[in-house]
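# Report on the structure
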Amino acid sequence: MTESSSGGGGSAKEPGDRGRTSISDGVVEKIAGLAAREVVGVHAMGSGTALSRTFGAVRDRVPGGQKASVSRGVKAEVGEVQTALDLEIVVDYGVSIRDVARAVRENVISEVERMTGLEVVEVNIAVSDVKLPDEPDEEPETRLH
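Because the structure is a prediction, the values reported are computed rather than measured.

## A few points about the layout of surface pockets
Over the atoms a probe the size of a water molecule is rolled, and this reveals where empty space is left. Within this model, the largest pocket holds a volume of roughly 210 Å³. Forming the boundary of the largest pocket are R20, T21, S22, I23, V78, G79, E80, V81, T116, G117 and L118.

In structure tokens:
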């Protein structure tokens, strides 16, 4: 890309604007996954069954595993200036799912936009399970609070 400048030689762009920055889907997925986990009422990310979460936790601990647990349950589509996100969450029993989903959206949008400069056009949330109080916690999620 060539830009013309009025006046003498040199580039019209500031040094920090010379070049292009691309952000991978995985980076956005990690940011969104961490932001979603910060919300009170989110028990886990990803598949709703306890067995699936357990297998996922084991897979994530294996060196060279397919996907880090921080981005499990998150899918991002990243374009030049915008991104869209799909999240799958497990909520704690007794919380308002509507309130948790709203808080997750707000926190994810805030953090992704702040850290990447991308516009988040949508955050779709699928609640795949509810963690009951008497269910054993087979996969301890790392709470960031």
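Next comes the rest of the description.
## A short note on the nonpolar core
Grouped together as the largest cluster of nonpolar side chains are 23 residues, with contacts concentrated most on L85, L87, V104, V108 and V112. Residue assignment for this core shows that the elements contributing at least two residues are α1 (25-37), β1 (42-45), β2 (74-78), β3 (82-92), α3 (97-116) and β4 (119-131). Beyond its immediate chain neighbours, meaning those up to four positions away, V104 contacts A36, V39, V42, L87 and I125.

## As for the packing of α1 against α3
When two helices pack together, their arrangement is given by the angle between the helix axes and by the axis-to-axis distance. Interaxial distance between α1 and α3 falls to 8 Å at its minimum, and their mutual angle equals 140 degrees. As far as their axial angle goes, α3 and α1 are oblique. The interaxial crossing formed by α1 with α3 has right-handed handedness. Touching V28, I31, A32, A35 and A36 of α1 are V104, N107, V108, E111, V112, M115 and T116, all from α3. Split by residue class, the contact of α1 with α3 holds 9 nonpolar, 2 polar and 1 charged.

## Some points on the pattern of salt bridges
Any two side chains of opposite charge can pair if their charged atoms end up close together. All told, the structure shown has 2 salt bridges when counted by the stated rule. In this structure, E111 engages R114 in a salt bridge whose closest nitrogen and oxygen atoms are separated by 2.8 Å. Here E111 and its partner R114 are both found in helix α3, 3 residues apart, which amounts to about one turn of the helix. Overall, R114 belongs to the exposed group, its relative accessible area being 59%.

What counts, and at which threshold
Residues numbered from 1 in each chain as written. Predicted model: local features only at pLDDT ≥ 70, side-chain atom pairs only at ≥ 80, totals over all residues. Heavy atoms only, no water. 1 Å grid on protein atoms, 1.4 Å probe; cavity = no way out; pocket = protein on both sides within 12 Å on 5 of 7 lines; lining within 4 Å. Points joined across faces, edges and corners; volume = space filled by probe spheres on them. Core = buried A, V, L, I, M, F, W, Y, C linked by side-chain atoms within 4.5 Å. Buried < 20%, exposed > 50% of the residue type's maximum accessible area, 1.4 Å probe, protein only. Helix = DSSP H or I, 4+ residues; strand = E, 2+ residues; numbered from the N terminus. Contact = heavy atoms within 4.5 Å. Axes fitted to C-alpha atoms, helices over the stretch in contact; angles between N-to-C directions. Parallel < 35°, antiparallel > 145°, perpendicular 65-115°, else oblique. Left-handed = near helix turned anticlockwise from the far one by under 90°. Nonpolar A, V, L, I, M, F, W, Y, C, P; charged D, E, K, R; others polar. Salt bridge = Lys/Arg side-chain N within 4 Å of Asp/Glu carboxyl O.

Nothing here speaks to function; it is all geometry.
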